[in-house]
Amino acid sequence: MRYIIDIDIADNKLKFVEEFFKTISFVKKIRAIASNEITNPVILQSIEDYEKGKTKPTPLNLAELKEMIHA
């Protein structure tokens, strides 16, 4: 089983927290994630498919966009 835990850590405590988690035997990997980094695999796959030309963007006018946002 795998868990992903989201923890907000102050910059001055980052090193301590990393070392703490490394001492726990069942913690395999620790990685900091930037606030603007996309981590959702579905979204990442969608972006990759678009970049490779596997999918085409859906044309959408402003009125349709507003309708979707306020739905």
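Just so we're clear, the structure is a prediction, and the values are computed from it rather than from any experiment.

There is a patch of nonpolar side chains on the surface, built from Met 1, Tyr 3, Ile 5, Ile 7, Ile 9 and Leu 14 and spanning about 710 Å² of accessible area. With respect to the helices, strands and loops of the structure, Ile 9 is situated in the segment before helix H1 (14-22).

The buried fraction of helix H3 (residues 62-69) amounts to zero of the eight residues, a small share that puts the element mostly on the outside. At the N-terminal boundary of H3, the capping side chain belongs to Asn 61, with an oxygen 3.1 Å from the backbone nitrogen of Ala 63.

The next point concerns the pattern of salt bridges. This structure, assessed with the given rule, holds three salt bridges. A salt bridge links Lys 22 to Glu 19, with the shortest nitrogen-to-oxygen separation between them at 4.0 Å. Pair noted here: Lys 22 and Glu 19 are both in helix H1, with a separation of three residues, about one helical turn. A salt bridge links Arg 31 to Glu 37; its shortest N-O distance comes to 3.0 Å.

Calculation notes
- Residues numbered from 1 in each chain as written.
- Predicted model: local features only at pLDDT ≥ 70, side-chain atom pairs only at ≥ 80, totals over all residues.
- Heavy atoms only, no water.
- Patch = residues over 30% accessible without salt bridge, like charges linked within 9 Å, V, L, I, M, F, W, Y side chains within 5 Å.
- Areas by Shrake-Rupley, 256 points an atom, 1.4 Å probe, with all protein chains shown as cover.
- Salt bridge = Lys/Arg side-chain N within 4 Å of Asp/Glu carboxyl O.
- Helix = DSSP H or I, 4+ residues; strand = E, 2+ residues; numbered from the N terminus.
- Buried < 20%, exposed > 50% of the residue type's maximum accessible area, 1.4 Å probe, protein only.
- Polar contact = N/O pair within 3.5 Å; in protein donor to acceptor, adjacent residues only side chain to side chain.

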